[in-house]
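# Coordinate analysis (summary)
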Amino acid sequence: MLQFKPIELTDKPWIDELLAVSDFQGCEYNFTNNYVWRNIYGITICRFKDFYIVKSAKGFFFPAGKGNIRELINELKDYSAKDGDKLRFVTMDKASKELLEKEFPGGFVFQTDEDVYDYVYTTESLSTLSGKKLHSKRNYINRFKQLDWSYEHITEDNIDECREMSTIWCKLNNCDMNEEKAEEMCSVENGLDNFKALGLQGLILRVNGKIQAFSYGERLNSDTFVTHVEKALTEYDGTYPMINYLMANEFCKEFEYINREEDMGEENLRKAKRSYRPCFMIEKFSAEYTE
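Definitions and cut-offs
Residues numbered from 1 in each chain as written. Predicted model: local features only at pLDDT ≥ 70, side-chain atom pairs only at ≥ 80, totals over all residues. Heavy atoms only, no water. Buried < 20%, exposed > 50% of the residue type's maximum accessible area, 1.4 Å probe, protein only. Helix = DSSP H or I, 4+ residues; strand = E, 2+ residues; numbered from the N terminus. Arc of directions from axis to C-beta. Contact = heavy atoms within 4.5 Å. Axes fitted to C-alpha atoms, helices over the stretch in contact; angles between N-to-C directions. Parallel < 35°, antiparallel > 145°, perpendicular 65-115°, else oblique. Nonpolar A, V, L, I, M, F, W, Y, C, P; charged D, E, K, R; others polar. Pairing = 2+ DSSP bridges. Phe/Tyr/Trp six-rings, centres within 6.5 Å; stacked < 30°, edge-to-face > 60°. Lys NZ or Arg CZ within 6 Å of the ring centre and 35° of its normal.

## Some points on helix α5 (residues 94-103)
Buried within α5 we find Ser96, Lys97 and Leu100. Along the long axis of α5, the arc covered by the buried residues comes to 105°, so they all point the same way. Among the exposed residues of α5, those pointing more than 90 degrees away from its buried face are Ala95 and Lys102. Contacts from the buried residues of α5 go to α4 (69-82), β6 (88-91), β7 (108-112) and β15 (285-289).

This is the structure in structure tokens:
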């Protein structure tokens, strides 16, 4: 019988192990993301043999791990039926969709939404910004380098400055009037509060000694780094391009790709992420069992 429970920091070792088996590239297949959004999305978790299952308020993530997928899907169908519901997956990648179609032909109805597709870039692209299409990014960085700037790793000694800047960012962006931004900042602060335990890596960017941006992320899978958070004040032109450039060079050289997560349909964020010319997008699907 499947038994779901709240996700805790002590679950990280076994969850990381099962996530590594599947080696998914989507940003939701990551302990940090599951943990920092747990209260907002109502996330609970379960281990079924060698599968890791995430359940949100709206449905299940396609499981990570290994084993008999038909057995697991039937368990999830029975679990959902006990509550009078049909089995619903809220996220899966294209390969998982094809697996479901193969194992349960005609059994699921699928939908997709570009708002939740992940943006993936080559590390070479973001760390060099070479080529005509990224010329404007290089110009921003060259101008920024004329300032009195510096950067440093996020540590216990300076992490409070990230919290303070996060509060300022929230006020400037009217988080109190925007539920999605408020929820996002709750997840950001949750990450900062558990920075070391989550194994995160990040940078602070300063101008004249004052913090102007911070960013953090971590290994996502065997070939991809995921940038969870990138926040900057806009007092100086080029702050966002600079922190992005520094993160790619400081932490990502061992990875082929950088996942910068989705845009959630926010037009300015979509424009910014597309301006960096992603090498591909991770398609995501939801699915509902029809029988």
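## Quick word on the packing of helix α8 (residues 159-172) against helix α9 (residues 179-193)
Contact pair α8 / α9: the axes reach a minimum separation of 10 Å and the direction vectors enclose 175°. Between α8 and α9, the angle falls in the class roughly antiparallel. Judged by residue contacts, Ile159, Cys162, Arg163, Ser166, Trp169 and Cys170 of α8 engage Met185, Val188, Glu189, Leu192 and Asp193 from α9. Here the residues of the contact of α8 with α9 sort into seven nonpolar, one polar and three charged.

## Quick word on the sheet that holds strand β11 (residues 210-219)
Here seven strands make up an open sheet; going across it, the order is β9-β10-β11-β12-β13-β8-β14 and the pairing mixed. Each end of this open sheet is capped by a strand with a single partner; those strands are β9 (149-153) and β14 (280-282). Across the sheet, the mean angle from the axis of one strand to that of its neighbour is 30°, orientation sign disregarded. Two elements, strand β10 (residues 201-207) and β11, share seven bridges in a ladder whose sense is antiparallel. When the sheet's bridge partners are listed, Arg206 is paired in β11 with Ile211. In the packing of α8 onto the sheet, contacts are made with β10, β11 and β12 (224-232), and the angle to β11 comes to roughly 110°. Here α9 sits on the sheet and contacts β11 and β12; the angle it forms with β11, its principal contact strand, is near 80°.

## Remarks on unusual backbone geometry
Here Asn208, not a glycine, exhibits a phi torsion of approximately 55°, which is positive. By the secondary structure assignment, Asn208 is in the loop between β10 and β11. Residue class for Asn208 comes out exposed when judged on its relative accessible area of 52%. Although it is not a glycine, Arg277 sits at a positive phi angle of roughly 55°. Within the element layout of this structure, Arg277 appears in the loop between α11 (267-274) and β14.

## Notes on the packing of aromatic side chains
Counted according to the given criterion, the structure contains 18 aromatic pairs. Their ring planes at 10° and their centres at 5.1 Å tell us that Trp37 and Tyr41 sit as a pair that is stacked. Where Phe108 meets Tyr289, the ring centres are 5.1 Å apart and the plane angle is 65°; that geometry is what we call edge-to-face. Of this pair, Phe108 sits in strand β7 while Tyr289 sits in strand β15; the two residues are 181 residues apart in sequence, bridging distant segments of the chain. Residue classification places Tyr289 among the buried residues on the basis of a relative accessible area of 10%. Each residue in the set Phe62, Phe89, Phe104, Phe108, Phe110 and Tyr289 is aromatic and connected to the rest through ring pairs, giving one cluster. Lying across the ring of Tyr276, Lys137 places its NZ or CZ 4.2 Å from the centre.

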